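# Chain and residue survey
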Amino acid sequence: MFSLTVRRHFMIAHSLPRESFGPAQALHGATFVAEVAFRRRALNDDAIVLDIGAAGNVIEEILAGLNYRNLDEHPDFAGKLSTTEVLAQYIAHAVAEKLKDHDDGRHLDGVDVTLRENPDAWATFSLDLTA
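This text gives an overview of the structure that appears in the document. (Residues numbered from 1 in each chain as written. Predicted model: local features only at pLDDT ≥ 70, side-chain atom pairs only at ≥ 80, totals over all residues. Heavy atoms only, no water.)

### Examining the overall build of the chain
We count it as follows: In this description a helix means any DSSP run of H or I spanning at least four residues, a strand means any run of E spanning at least two, and both kinds are numbered starting from the N terminus. The size measure is the radius of gyration over C-alpha atoms, and the globule rule it meets is 2.2 Å times the number of residues to the 0.38 power.
Regarding its fold elements, the chain presents 2 helices and 5 strands. In sequence order, the secondary structure elements of the chain are arranged as β-β-α-β-α-β-β. Its C-alpha atoms give the chain a radius of gyration of 15 Å, near enough to 14 Å, the size a compact globule of 131 residues would have. In terms of overall dimensions, the chain has a C-alpha envelope of 50 × 30 × 25 Å along the principal axes.

Okay, structure coming up:
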């Protein structure tokens, strides 16, 4: 299995209104590094997984809808907790949706999104596109 990973960062505000989140229950900001890995069993005719520039553009488009936004007011997160894990899942599905009509995107086997909020903690969501 081959993979290509592209990173970008974005900033959000949100609250996590459950006792288990302690001080994060209150509105606070977070800066994430998003690492999106694109997986394929075989390389394309150009011997790549996906064009790095195209991959970066897709990620930037998706993150533009989240960057500097309060996710408590974002319609896609209405009634949901916007945890790091939920954000990773959201981004993975959005990336897959954007790439489904792209030549190389149709041949991807998976997308993994890792969100790092600090150097010591991160969450990953893996989306299998072969199912």
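### Some words on the pattern of salt bridges
Pairing is possible between side chains that carry opposite charge, provided their charged atoms lie close to one another. Spelled out, the test is: We define a salt bridge as a contact between a side-chain nitrogen of Lys or Arg and a carboxyl oxygen of Asp or Glu at a distance within 4 Å. Exposed residues in this analysis have more than 50% of their type's maximum accessible area, buried residues have under 20%, and partly exposed residues fall in between, with area computed by a 1.4 Å probe over protein chains only.
Under the definition given, this model contains 6 salt bridges. The residue Arg39 makes a salt bridge to Asp112 at a minimum N-O spacing of 2.8 Å. Linking Arg39 in strand E2 (residues 28-40) with Asp112 in strand E4 (residues 110-118), this pair joins segments that are 73 residues apart in sequence. We note that Arg39, like Asp112, is buried.

### Section: the environment of Leu71
To be explicit about the condition: Pairs of residues are marked as contacts when any of their non-hydrogen atoms sit within 4.5 Å.
Counting through the fold element by element, Leu71 comes out in the loop between strand E3 (69-70) and helix H2 (84-99). Take Leu71: its relative accessible area is 1%, and that puts it in the buried class. Distance in space between the C-alpha atoms of Leu71 and His14 is 5.2 Å, their sequence separation being 57 residues. Leave out the neighbours within four places in its chain, and Leu71 touches Ile12, Ala13, His14, Leu66, Phe77, Ser82 and Leu87.

### Thoughts on the environment of Leu50
Following the sequence through the fold, Leu50 ends up in the loop between E2 and helix H1 (52-64). Along the primary structure Leu50 and His107 are separated by 57 residues, whereas in three dimensions their C-alpha atoms are 9.5 Å apart. Ignoring any residue separated from it by four or fewer positions in sequence, one finds Leu50 in contact with Leu4, Phe38, Ala55, Leu99, His102, Asp104 and Gly105.

### A short note on H1
Keep this limit in mind: Expected span, for any helix, means 1.5 Å times one less than how many residues it has. Think of it as the arc spanned by the lines of direction from the helix axis to the C-beta atoms. N or O atoms closer than or at 3.5 Å make up a polar contact, with two conditions inside protein: a donor-capable atom paired with an acceptor-capable one, and, for residues adjacent in sequence, both atoms drawn from side chains.
Spanning 13 residues, H1 covers 18 Å between terminal C-alpha atoms, matching the ideal 18 Å at 1.5 Å per step. Ala55, Gly56, Val58, Ile59, Ile62 and Leu63 are the residues of H1 that are buried. Buried residues of H1, viewed axially, fall in a sector of 160°; they line one side. For H1, the capping residue at the N-terminal end is Asp51, with a side-chain oxygen 3.1 Å from the backbone nitrogen of Gly53.

### Describing the packing of aromatic side chains
Any two aromatic rings considered together are summarised by their centre-to-centre distance and by the angle between their planes. Put simply, the rule is: For Phe, Tyr and Trp, where Trp contributes only its six-membered ring, two rings pair if their centres lie within 6.5 Å, and the inter-plane angle classes them as stacked under 30 degrees, edge-to-face over 60, or tilted in between.
Under the counting rule described, the total for this entry stands at 2 aromatic pairs. Relative to Tyr90, the ring of Phe77 has its centre 4.8 Å away and its plane inclined at 45°; by these criteria the two rings are tilted. One end of the pair, Phe77, is in the loop between E3 and H2; the other, Tyr90, is in helix H2, with 13 residues separating them in the sequence. Since its relative accessible area comes to 3%, Phe77 is described here as buried.

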